[in-house]
Amino acid sequence: MSSIGGSTPTGRMAESEHPMFMLCKQGGLLRPRAILVVPVLCLMMVLSACVTETTPARNTARPGAPLTGGTLNMLGSGDVDYMDPNVSYYTAGYLGLRMWSRQLFAYPARPGKTTMPAPDLATQIPTRSNGGISADGLTYTITLRQGVRWNTNPPRPVTAADVVRGLKRTCNPAQPFGGMPDFRDLIVGYAKFCDGFARVPQTASAIARYINRHEIAGATARGERTAVFRLTHPATYFVEMLTLPAFSPAPVEYLRYVPGSLELARNTISNGPYQIESYRPTKEIVFVRNPVWDRSTDPIRKAYVDKIVVDQTVSQESTQLQLQAGTESADMEWDNFPPSSTVAALLSQRDPNLHLGATSSSNPFLVFNIVSPNNRRAMAKLPVRRAIAHAIRRRDLIQALGGPKLNEPLTHVLPSTVMGSRNFDIYPYNPGKTRRLLTQAKLPRGMTLKFLYRSDSEAGRKVFTTLQQNLREVGIRLEGVAVPNADFFTKYLQVPSVARRGVWDIALAGWAPDWHGDAAASFFGPLFSGKKSFPPAGSNFGFYNSPVTNRLIRQAMAAPTKEQAAQLWTQVDRQVMRDAAFYPITNPRQPNYHAPHVRNAVFIPALQNFDPTNVWLEPGKHGG
Amino acid sequence: MREWVEPSGPWRMVWKQLRRDWVAVGAAVVILAIVGLAVCAPLVAQVTRHGVDTQYRTTGLTADGLPRPPSREFWLGTDDLGRDVLVRIAYGARTSLLVGVAATGMAVAIGLVAGLVAGYFGGAVDTVVARLVDLVLSLPFLLFAIALVSVTGPGLAIVIVVIGAFSWASVARIVRGLVLSIREREYVEAARALGASSWRILRVAVLPNVAGPVLVYTTLLIPTVIVAEATLSFLGLGAPPPTPTWGAMLNEAVHYYQVAWWYVVFPGAALLVTTLAFNLLGDGIRDAVAGADR
């Protein structure tokens, strides 16, 4: 679920405002992992670092051709949520993992292909024709690449058993993966495994014992290099789901530590192009080359720069000023993005270093509280919800949110980049129709609705004020319920009794999918699938429950082919909109900025940023 | 020929002194102008033909939702929702003055009573009031305000109560000190000897003698209170949107300072001029009271 406050609609709830994210900021100084390895490996690393840092940029003959070497300096003000691939759930965490942790499938930094999974650790995308997917669509057989190794001592191949171990770790009792509901009932035996795991003490030894002694029936290792997943129903989106870092392999050494713990963060093991040289939570992360990484085994990351330094102590404004100055100590953003006022200026100047990336999200949108008792249960009545939808001028809201360049209008559930999305608008601005519908609904005159938003959110205030004016024109009074950011979800939207008491009638929320492309399930499952999506477990905050929609969602989730799934998702989308379950506003574009000397900056929606493992730096700007 | 000197009361002396202080007079004129702006805010809206909460999305905003600079239509430009900054400043003056006067009135009323009682009666009453004053003065205002507002929700009434509740202690301390000195004076002793009741002595003999310093402090407290209101509004703890307040306007303008200078400058200037005028007037009154005492 994504918030609307900042310009960072990241996976799920926006990080800057997510309470869990705030809690995850750990203090203390971490010991560099490098000092744990044996002297031989240390020597290799030191030599490697010396060579790469003192060697001038290796330019190739062709101008503009990739250059190897240098230090990429990333500036930000926030930390990763967890330094643990099976637990991390937010894009700052994903961005860090991109350097040192590989997945079965990943999104490549190829323009136009950034939401299409490509093999990473896997040798190929499984299909029915290549035998990767069984005829009934229930079994996925994935072969791992040869030559991928952990930077252990001695280096060890990444195996299918590591993949299974990684999946087991996702539902550990100490820090379970936040997106677990996405696949809890999909993989055979996973729910049972997790139910048992939940009762285990939150200690490293107890967790390791449970993982070693229990199996997930639907996740098995066949030999060294073949992982097999068995599903409870066909799921065309399973490969996309496997791009989640939660499905990353985990080396056996991780069983020594509590998942998501600081101890683990101090002892990470890398199979990517970089390894963590030092990590000071909320201060700095330094990535250096992983000497055992083999470029030929990694089709996703080119790893042009030798070193990546993440400075987490720079304000948003300072980050922008430094990047625009073009100094070699500032190359890319970490989690800071251009301030909204700067974006407008950069757009008007047509600054080539500004990029507006598709987020594939619906953020923000208006939730209608269908169980509110206010105004004689007006919000439960379909004509009232439709009347409200017709009274809202989306263009006004988009203007308030920064204009059409930053906000693609969204008139239905699925953003245009998601499979199954079809463009339609059944609620165009029509105040006359609103008045007719309200008259038919026989509501008390001068209806007052309560609008829930975050008091410290600029977008929340602007949407509220704009909406207030829109609804005033049709005789509906909108009263603001401004609540602190920290309470917005935990004390309001996620508490069913708050909605049922009528504390709010309309709320401002948002949603970003957990994966991209074939991602409709990541919208409809948590938001509109009836009782099982009700809060606190789900994010169906308005308590929308339609038997027709629920049936269609079940059918779409189990569709045997992508074509059939796409058609069904389109039907679900129309049904949800016909029921006026919510009011979509925009699929926002994410503004990102990089210094002029950064080349090949390709925006990856899953990272909400440029891919740092595929950029290179111009000569003379190799940092230090 | 013998020259007659017209006998003057203390307040007349103060007024005489004050009239000679052109800075104080100028400050008073500015304050009157701000009061006039607040009172005539609907007139400003009428003249400009711009409602205080009305958003002018076509003429008041760019297509990308940015404020428009000062122009013939919007004399002081527009804000981030396409509203007229001039009209909102005028209505914001109402909020600032209302909070300034109400919270100061509350603080002075409580502080005066507490100071009089503590100073005059002494003993256990004085101890209790003095400790209470110490307690209030030791509480961190902003932290307490944030905590309270997070429980009650933001609003103008709670802002007045919070500021008033935090400002009375300094008034009480000043009054108490003055009363401790006044109660030992001969005329108080005489009144007591003649059998006057404590309340009568307080009302007739003590209160008029603390009125001057209290007036000075009140004048100086108003700008402090206005700034406190602006601070709370700036932090999002003041009156909820779309109520116009100068602090909230500054808060909203922070995101646009690079592209819309008018959005920051005009509400900031209104706040600055108002607080400066009250402070200068307070200084003038203090000097006048001191002069009258001599």
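Residues numbered from 1 in each chain as written. Chains lettered and ligands numbered in written order. Predicted model: local features only at pLDDT ≥ 70, side-chain atom pairs only at ≥ 80, totals over all residues.

**Regarding the overall build of chain A**
Short version of the rule: In DSSP terms, a helix is any run of H or I states spanning at least four residues, a strand is any run of E spanning at least two, and both are numbered starting from the N terminus. Any residue whose C-beta has 12 or fewer other C-beta atoms within 10 Å is treated as exposed, any with 20 or more as buried, and any in between as partly exposed, C-beta atoms being built from the backbone. Any pair of residues counts as being in contact when their C-beta atoms, constructed from backbone geometry, are within 7 Å of one another.
In terms of regular secondary structure, chain A is built from 20 helices and 24 strands. Going through the 624 residues of chain A one by one, you find that 57% of them count as buried. By sequence separation, contacts in chain A at least 24 residues apart represent 74% of the contacts at least 6 residues apart.

**Regarding the overall build of chain B**
From N to C terminus, chain B includes eleven helices and zero strands. Overall, the C-alpha framework of chain B stretches about 80 × 65 × 30 Å when taken along its three principal axes. The contacts of chain B with a sequence gap of at least 6 include a subset with a gap of at least 24, amounting to 72%.

**Quick notes on the environment of G212 of chain B**
Residue and element names in this part refer to chain B. By the element assignment, G212 lies in helix 9 (residues 198-234). What makes G212 buried here is the crowd of 20 C-beta atoms within 10 Å. In the structure, G212 is positioned 201 residues away from W11 in sequence and 8.7 Å away in space, judged by C-alpha atoms.

**Details of the nonpolar core**
For clarity, the cut-off: Think of a nonpolar core as buried Ala, Val, Leu, Ile, Met, Phe, Trp, Tyr and Cys residues chained together by C-beta atoms that fall within 7 Å.
Counting 261 residues, the largest nonpolar core has A520 and A556 of chain A as the members making the most contacts within it. If you tally residues by element for this core, the top one is helix 4 (residues 85-121) of chain B, at 18 residues.

**Re the interface of chain A and chain B**
Note the cut-off: Residues are grouped as follows: Ala, Val, Leu, Ile, Met, Phe, Trp, Tyr, Cys and Pro are nonpolar; Asp, Glu, Lys and Arg are charged; every other residue, Gly included, is polar.
At the junction of the two partners, chain A supplies 26 residues and chain B supplies 19 residues. When residues of the side of chain A that touches chain B are traced back to their parent elements, those giving at least two are helix 10 (340-348), helix 13 (394-400), helix 15 (458-472) and strand 17 (477-483) of chain A. Sorting elements by how many residues they give to the side of chain A that touches chain B places helix 15 of chain A first, with eight residues. Broken down by class, the residue content of the side of chain A that touches chain B amounts to eight nonpolar, twelve polar and six charged.

**A look at helix 10 (residues 246-253) of chain B**
Counted residue by residue, helix 10 of chain B has eight buried out of eight residues, so it is predominantly covered. Listed in full, the buried residues belonging to helix 10 of chain B are W246, G247, A248, M249, L250, N251, E252 and A253 of chain B.

**Remarks on the packing of helix 6 (residues 141-152) of chain B against helix 7 (residues 156-182) of chain B**
Residue and element names in this part refer to chain B. Put simply, the rule reads: Helix axes are fitted only over the stretch in contact, all axes being lines through C-alpha atoms; the angle between N-to-C directions runs from 0 to 180 degrees. An angle counts as roughly parallel when it lies under 35 degrees, as roughly antiparallel when it exceeds 145, as roughly perpendicular when it falls between 65 and 115, and as oblique in every other case. Left-handed describes a crossing whose near helix is turned anticlockwise from the far helix by less than a right angle; the clockwise case is right-handed.
Where helix 6 meets helix 7, the closest approach of the two axes is 11 Å, and the angle between their N-to-C directions is 150°. Regarding the angle of helix 6 to helix 7, the classification is roughly antiparallel. Where helix 6 crosses over helix 7, the two elements pack in a sense that is right-handed. Contacts between helix 6 and helix 7 involve F141, A145, L148, V149 and T152 on the former and, on the latter, I158, V162 and F166. Here the contact of helix 6 with helix 7 is composed, by residue class, of seven nonpolar, one polar and no charged.

**Brief notes about the sheet that holds strand 18 (residues 506-511) of chain A**
Residues and elements named next belong to chain A. Counted only if it meets this: Strands were regarded as paired on the criterion that DSSP finds at least two bridges between them.
A sheet is described by the order of its strands in space; here five strands give the open sequence 17-16-18-14-19, paired in mixed fashion. This sheet does not close on itself; its edge strands, each paired only once, are strand 17 and strand 19 (582-584). Between one strand axis and the next, the sheet turns through 30° on average, direction left out of account. Across two bridges, the pairing between strand 16 (residues 448-454) and strand 18 is parallel. Considered in strand 18, the bridge of L452 is made with A507.

**Brief notes about unusual backbone geometry**
All names here are of chain A. That bond from N153 to P154 is cis: its omega, 0°, falls within 30 degrees of zero. Residue placement: P154 occurs in the loop between strand 5 (149-150) and strand 6 (156-157). Backbone geometry places R377, a non-glycine residue, at a positive phi of 55°. With respect to the secondary-structure elements, R377 resides in helix 11 (residues 374-377). Located in the positive-phi region is F543, a residue other than glycine, with phi close to 60°. Structurally, F543 can be placed in the loop between helix 18 (521-528) and helix 19 (547-557).

**Points about the pairing of strand 20 (residues 586-593) of chain A**
All names here are of chain A. When you tally the buried positions in strand 20, you get eight out of eight residues, the bulk of the element. Two elements, strand 13 (residues 354-358) and strand 20, share five bridges in a ladder whose sense is antiparallel. By the bridge assignment for strand 20, L356 is matched with P591.

**Focus: the sheet that holds strand 7 (residues 219-222) of chain A**
Residue and element names in this part refer to chain A. Across the sheet, three strands lie side by side as 4-8-7; this open sheet has antiparallel pairing. One side of each edge strand has no neighbouring strand; the edge strands of this open sheet are strand 4 (139-143) and strand 7. Recorded for the sheet is a direction-independent mean angle of 20° between the axes of neighbouring strands. In this structure, strand 4 lies alongside strand 8 (residues 226-230), joined through five bridges in antiparallel fashion. Residue pairing for strand 8: Y140 is matched across the bridge by F229. Of the strands in this sheet, strand 7 and strand 8 are in contact with helix 4 (residues 160-169), which crosses strand 7 at around 165°.

**Some points on the packing of helix 19 of chain A against helix 20 (residues 562-578) of chain A**
All names here are of chain A. Put simply, helix 19 and helix 20 touch, their axes get as near as 9 Å, and they point 160° apart. Taken together, helix 19 and helix 20 sit at an angle that is classed as roughly antiparallel. Helix 19 and helix 20 meet at a crossing whose hand is left-handed. Mapping the contact onto sequence places V548, T549, L552, I553, Q555 and A556 in helix 19 and A565, L568, W569, Q571, V572, Q575 and V576 in helix 20. For the contact of helix 19 with helix 20, the residue count by class is nine nonpolar, four polar and no charged.

**Notes on the pairing of strand 1 (residues 71-75) of chain A**
Residue and element names in this part refer to chain A. Within strand 1, five of the five residues are buried, leaving the element largely enclosed by the surrounding structure. Residue alternation in strand 1 divides its side chains into two sets, T71, N73 and L75 and L72 and M74, and both sets are buried. Two strands pair when backbone bridges link them, and strand 1 and strand 12 (residues 332-333) are joined in this way by two bridges, in the parallel orientation. Bridge pairing in strand 12 places L75 opposite E333.

**Re the environment of R477 of chain A**
Residues and elements named next belong to chain A. Structurally, the position occupied by R477 is in strand 17. Between the C-alpha atoms of R477 and Y254, which are 223 residues apart in sequence, the distance is 56 Å. Apart from residues no more than four positions distant in its own chain, R477 is found in contact with G446, T448 and R472.

**Comments concerning the confidence of the model for chain A**
Convention followed: Predictor confidence is given residue by residue as pLDDT, running from a minimum of 0 to a maximum of 100.
Averaged over all residues, the pLDDT of chain A is 88; the fraction at 70 or higher stands at 89%. Here residues 1-63 of chain A scores under 50 on pLDDT; set against residues more than four positions off or in separate chains, the count is 141 contacts.

**Regarding the confidence of the model for chain B**
Residues and elements named next belong to chain B. Across chain B, the average pLDDT comes to 89, with 96% of residues at 70 or higher. For chain B, the element scoring lowest by mean pLDDT is helix 1 (residues 10-20), at 80; helix 3 (residues 41-48) scores highest, at 96. Predicted as a complex, the structure gets a pTM of 0.80 and an ipTM equal to 0.77.

**Regarding the environment of Y190 of chain A**
Position of Y190 of chain A among the secondary structure elements: in helix 5 (residues 190-197). For Y190 of chain A, the residues in contact, after removing those within four places along its chain, are F183, R184, I216 and G218 of chain A.

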